[in-house]
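Tertiary structure, described
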Amino acid sequence: MIKGSTVKGSRLDFEMRLSVVDLPKVYVSADLGSSASKFFYRLQLEQTAPVWMGAEVVEGMTPEILNSFNAGGRPQDNSWLELDGNVVMVGEAAKAFLKSNSLSANKAEKAIYKLATVLGVIAELEQLPSHYEAVIWLSLPLAEIKTRRTIMEKLTKLCQQGFTFRGKRQQVILTLKCFPEGFGLYLHRKQSLERTGERIDHRPTSIVMMGHRNLSILSFEHGSLNLAGSASDGPGFWPLFEKAARSAGITAPDYPALLRALSSGNPQQISPARASVFDFSAAMAAVQSAYGQVVTVYLRDNLLGRVLEHRVDILVSGGAFPMVKPQLEEFFEEIRCTDQVRFVEGEDVTLTEVVRELPEFHQMPTLSLRMMDGYGLFLGLIGKLPSVTASR
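Throughout what follows, the structure given in this document is the object of discussion. (Residues numbered from 1 in each chain as written. Predicted model: local features only at pLDDT ≥ 70, side-chain atom pairs only at ≥ 80, totals over all residues. Heavy atoms only, no water.)

**Focus: the packing of aromatic side chains**
Scanning all chains against the criterion turns up 16 aromatic pairs. Ring geometry for Trp238 against Phe241: centres 4.9 Å apart, planes inclined by 25 degrees, an arrangement best described as stacked. With a gap of 3 residues between them, Trp238 and Phe241 both fall in helix H6 (residues 237–247), about one helical turn apart. When its relative accessible area of 0% is taken as the criterion, Phe241 is described as buried. Pairing Phe331 with Phe332 gives two aromatic rings, centres 5.2 Å apart and planes at 65 degrees, and the pair type is edge-to-face. Pair check on accessibility: Phe331 and Phe332 agree, each one buried. In this structure an aromatic cluster arises from ring pairing among Trp137, Phe179, Phe183, Tyr186 and Phe220. Above the ring of Phe278, the side-chain terminus of Arg274 is found at 3.8 Å from the ring centroid. (Phe/Tyr/Trp six-rings, centres within 6.5 Å; stacked < 30°, edge-to-face > 60°. Helix = DSSP H or I, 4+ residues; strand = E, 2+ residues; numbered from the N terminus. Buried < 20%, exposed > 50% of the residue type's maximum accessible area, 1.4 Å probe, protein only. Lys NZ or Arg CZ within 6 Å of the ring centre and 35° of its normal.)

Following this line, the structure appears as structure tokens:
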């Protein structure tokens, strides 16, 4: 089984100062996608609470920007951090400032800002005191797992020093563990097999994650990650989507409508650019052809050899795979392994009930699917807790 990397930081004095009281402790799983950040957390006994947050980050803003900022609504929709006299906008709030600000945080910094923000969101939603504890399990793309040490050290330091979220000071005792993207799906599959008396370490497994940023393959043997059979440099959906959409005459204002058409399979969508219902069939075909072609080539190069060597369970997931599911089915039929393939489509009843409370659930047909990896990681996290955890 994979072991995540852990950093608690040099924080003896910090913890001693706070140990005079029994601090609330929140458990969080985090999946920081390029299109959205997905979280699950637990504070109370048996609680499973989802948070969906925009992926945008804009740093280097001056505090004066807050004078005209509307802080109403959900905290995750109107989030900002105040750090060293500067303001960092995160999520939906950052969208309005993306074009006016050229400072773009690097990936590690973005992760730190997003994680600090979700802690602030949870603290506000749950009315936590300014001091509390947090345990975070973070999913990172395999190609970015090398940044985990930087993320761990900088986030631990930030939590120790304290930060301000939406005007409220936070100071957090942090424990952070990092795992490769797709590991949550492996944990979810492991739990499902155990319910039927089977052990996943007896079943070689490959997880195919088709995301907006990249395509990755995680291969497991005897319950451990096989790096030689894993890769994360596959084609992401978004660059190919934009290129194919433009070639089909679709402009940026209609990208959300085209995405809805692809996700739902219904080409008839309201076009903001045309102010009427429009048939996106031609654009859908262009996107599906462009993305489907590069995906099947990548799978042939990186998965076929493993399939031919021995029988392997293949789990296909990620927010982009429904866009080209017919092409994937044709590919797996061609290499004669359809009985080994399982498309993970967010059909988990418990997960669906949990995320149904999010307003995004009714706007996004693939929301459950896109949150599945983070949910599996959350199940692994709470599975490590004592059998009885007192409510805080």
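That was the structure; now back to the text.
**Brief notes about the side chain of Ser206**
Structurally, the position occupied by Ser206 is in strand E11 (residues 205–210). Polar contacts involving the side chain of Ser206 include one to the side chain of Arg306, which spans 2.6 Å. Each residue touching Ser206, except ones within four places of it in the same chain, is listed here: Ile217, Leu218, Ser219, Leu303, Arg306, Val312, Asp313, Ile314 and Leu315. (Polar contact = N/O pair within 3.5 Å; in protein donor to acceptor, adjacent residues only side chain to side chain. Contact = heavy atoms within 4.5 Å.)

**So, the pairing of strand E15 (residues 268–271)**
In this structure, E15 lies alongside strand E16 (residues 276–279), joined through 4 bridges in antiparallel fashion. Along E16, the bridge assignment pairs Gln269 with Phe278. Here E15 hands over to E16 after 4 residues, with Ala275 in that stretch at a positive phi of 55 degrees. (Pairing = 2+ DSSP bridges.)

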